[in-house]
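Here are the chains, one letter per residue:
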Amino acid sequence: MWLWTVLPFFTLFPVDGVVVVTPELEKRFPDNFLFGVSSSAYQIEGSWNVDGKGQSIWDYYPHKQPEIVQDCTNADVTADSYRLFKQDIQILKHLGVKSYRFSISWTRILPDGTTNYINPRGIAHYRKFIDLLLENDILPFVTLFHWDLPIAFGKNGSWLNENTVDRFGDYVRVAFLAFGDKVKHWITINEPYILCLYSYELGMLPPLIKSPGKGFYECGRNMLLGHAKAYRIYDEEFRFQGGEVGLTLDAQWPIAASGSEEDAEAVKDYLALYVGQYLDPVIKGDYPQRLTARVAAASARQGTESRLRPLTEEEKKFIHGTYDFIGINHYTSVMVYRNESVNGMYEKPSFYDDVGIGIYVNDSWPASSLDFMKEYAPGFYSLLLYLKDTYNNPLVYITENGFPLSSAEGLDDRKKVNYIRNYLDALMDARADGSNCQGYFVWSLMDSFEWAAGYQYKFGLYQVDFDDPDKKRTARKSALVYKEIIRTGTIDVSYDPDPYQHNGSLY
Ligand code: NOJ
């Protein structure tokens with residue numbers, strides 16, 4: 001099936017028996033392709049303690065231990081989007097996106113995390129926000145959990161405690177009730193892998209629980225159960241609202257560093273342990289065999305039973321099939337290898353040791369300002385086709401894709417422009433080859449608080465002046481180019497707008 005329209009510029013025709021014209025095809029996204037931009041509540045909203053909002057772990061820990069964020073900052077104010085939301089919707093409108101992905105802050109609507117008290121001001125804010133988006137023809141694409149867990153659970157085992165799964169269920173029910181008449185796209189949980197790794201394996205992010213090789217798997221398990229609970233609540237109680245519910249995973253593409261058998265195995269293990277850990281139970285009904293085998297083997301070597309608790313039959317059934325779509329956050333490809341040098345490279349026990357592979361990014365790929373993120377669009381194409389072939393061609397939305405730069409790049413962020421163009425081109429190729437990817441969201445609408453990295457990296461299509469009391473937003477070149485891609489549905493590499501001509505205006 002052709003998912004995008006192919007318009008021949010030239011037709012092939014023989015002249016004097018020789019074919020003289022190379023066919024050039026214009027690739028075009030269909031009108032209903034969901035172009036959008038992404039953000040999350042804690043990263044851009046600010047107003048951390050207004051209108052009855054309760055504290056999340058992200059309000060609490062950076063106040064208590066500022067050093068957990070590299071530049072000792074926090075997001076008390078950040079881009080001030082809670083206050084400036086009307087202006088932000090004007091920007092979205094001008095950008096021409098069809099959808100805006102944002103997250104709801106759990107503690108704005110349930111200040112202590114539970115349904116003991118539902119905060120009417122929190123509900124009113126998001127309703128106003130959603131209404132205004134819809135008035136401007138922008139579909140809300142809502143993440144229910146983007147890491148800002150209520151502090152009450154943060155001090156009580158967080159996602160290591162199964163009680164959190166039930167409380168998450170209570171919270172999403174309130175959200176479906178309050179907003180489901182207007183919101184038709186719901187993401188339950190954002191990036192279980194990254195969250196579980198940094199918060200429950202390495203202990204670097206709130207709630208700072210260091211439990212290598214154990215907490216990581218328990219967190220992932222509870223997140224799968226939490227996701228499934230949210231999906232089932234929607235399915236059983238709110239399906240009449242006519243929306244879609246999915247899970248967002250981060251998925252980077254692994255490439256074998258050599259032609260060796262071991263490196264080919266490393267690729268398969270990477271995909272099973274990083275992606276399959278979450279996707280297999282949801283789509284196929286259980287953890288991938290490669291994952292259970294590797295963790296069991298490493299645990300046995302360490303004299304313990306498997307640190308990955310198997311899912312019970314009941315849990316498998318509960319999780320299996322809980323998706324209407326899969327959200328994918330994709331940023332980079334990685335080179336992977338397995339040889340002698342990997343032995344002893346990682347702490348034991350740990351997730352990295354369980355996977356047992358070495359990872360690096362290829363120096364020849366164009367660099368962002370983060371060492372581990374580089375541009376390699378063919379990897380994105382391969383990932384989309386892998387999802388299609390391995391998981392029965394699910395409906396996919398790319399819920400994040402982006403390229404961080406430093407503030408030195410200013411408004412002329414041409415590296416980000418190249419990145420977005422090349423990734424969108426790869427996406428079109430993947431669609432032409434059968435991928436059921438129906439939407440793409442740039443991370444991010446504007447510069448924001450980048451978790452442990454604070455404000456160092458600039459992902460925004462819009463620059464934010466964090467020193468300005470009004471947090472002035474200014475369009476970068478990437479915003480102007482993305483706007484044109486959305487407007488035309490095509491990628492015109494000769495379009496080269498000058499962002500400095502726009503300086504002084506929001507757009
Ligand atoms: C992953 C997360 O969902 C988002 O919060 C983060 O800012 C971006 N990717 C960039 O690292």
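Above this text you will find the structure in question.
Rules and cut-offs
- In this convention, every chain numbers its residues from 1, walking through the sequence in written order.
- Only residues with pLDDT of at least 70 get local features here, since the model is predicted, and only at 80 or more are side-chain atom pairs given and counted; chain-wide, interface and lining totals rely on the full set of residues.
- Each side-chain value is derived from all of the structure's non-hydrogen atoms; neither hydrogens nor water enter the calculation.
- Runs of E in the DSSP output that reach at least two residues are strands. Runs of H or I that reach at least four are helices, and both are numbered from the N terminus.
- Computation of the radius of gyration draws on C-alpha atoms, with the globule rule given as 2.2 Å multiplied by the number of residues to the power 0.38.
- Remark: exposure states derive from per-residue accessible area (1.4 Å probe, protein chains only) relative to the maximum for the residue type, with buried under 20%, exposed over 50%, and partly exposed in between.
- Residue contacts are counted whenever heavy atoms from the two residues lie within 4.5 Å of one another.
- To measure how exposed things are, a 1.4 Å probe is used in the Shrake-Rupley method; for residues, cover is taken only from the protein chains shown.
- Charge convention: Lys and Arg are scored as positive, Asp and Glu as negative, and His as well as the terminal groups of each chain are ignored.
- Charged groups are reduced to one reference atom each: NZ for lysine, CZ for arginine, CG for aspartic acid, CD for glutamic acid.
- Only strands that DSSP links by at least two bridges are regarded as paired with each other.
- In this analysis an axis means a line fitted to C-alpha atoms, helices contributing only their contacting stretch, and an angle means the value between N-to-C directions, from 0 to 180 degrees.
- Put simply, two rings from Phe, Tyr or Trp (the six-membered ring, in Trp's case) pair if the centres are within 6.5 Å, and we call them stacked under 30 degrees between planes, edge-to-face over 60, tilted for the rest.

1. Quick notes on the overall build of the protein
Move 1: What the protein contains, in helices and strands, is 16 helices and 17 strands.
Move 2: Here the C-alpha radius of gyration of the protein, 23 Å, is about what a compact globule of 507 residues would show, namely 23 Å.
Move 3: Counting only C-alpha atoms and orienting by the principal axes, one finds that the protein spans roughly 75 × 55 × 45 Å.
Move 4: In the protein, which comprises 507 residues, the proportion classed as buried is 58%.
Move 5: In the protein, of all internal contacts separated by at least 6 residues, the share reaching a separation of at least 24 is 75%.
Move 6: When the accessible area of the protein is evaluated, it comes to approximately 19400 Å², of which 52% is carbon and sulfur surface.
Move 7: Looking at the protein, you have 50 positive and 66 negative side-chain charges, and the mean spots of the two groups are 3 Å apart.

2. Remarks on the sheet that holds strand S14 (residues 396-400)
Move 1: Around the barrel, which closes on itself, the 8 strands sit in the order S5-S6-S7-S8-S9-S11-S14-S15 with parallel pairing between neighbours. Neighbour to neighbour, the strand axes of the sheet diverge by 25 degrees on average, direction disregarded.
Move 2: Note that strand S5 (residues 34-38) and strand S6 (residues 99-103) share 3 bridges and pair parallel. Among the inter-strand pairings, Ser38 is bridged to a residue of S6, identified as Arg101.
Move 3: Across the face of the sheet, helix H14 (residues 377-390) comes into contact with strand S11 (325-329), S14 and strand S15 (437-443) while running at roughly 140 degrees to S14.
Move 4: Here helix H16 (residues 477-488) sits on the sheet in contact with S5 and S15, set at roughly 155 degrees to S5.

3. Considering the packing of aromatic side chains
Move 1: In total, this model carries 54 aromatic pairs according to the counting rule given.
Move 2: Seen from their ring centres, Trp106 and Tyr171 are 4.6 Å apart, and the 5 degrees between their planes marks the pair as stacked. Of the two residues, Trp106 is situated in helix H4 (residues 106-109) and Tyr171 in helix H7 (residues 162-179); the sequence distance between them amounts to 65 residues.
Move 3: Taking the relative accessible area as the measure of exposure, Trp106 reaches 0% and is therefore buried.

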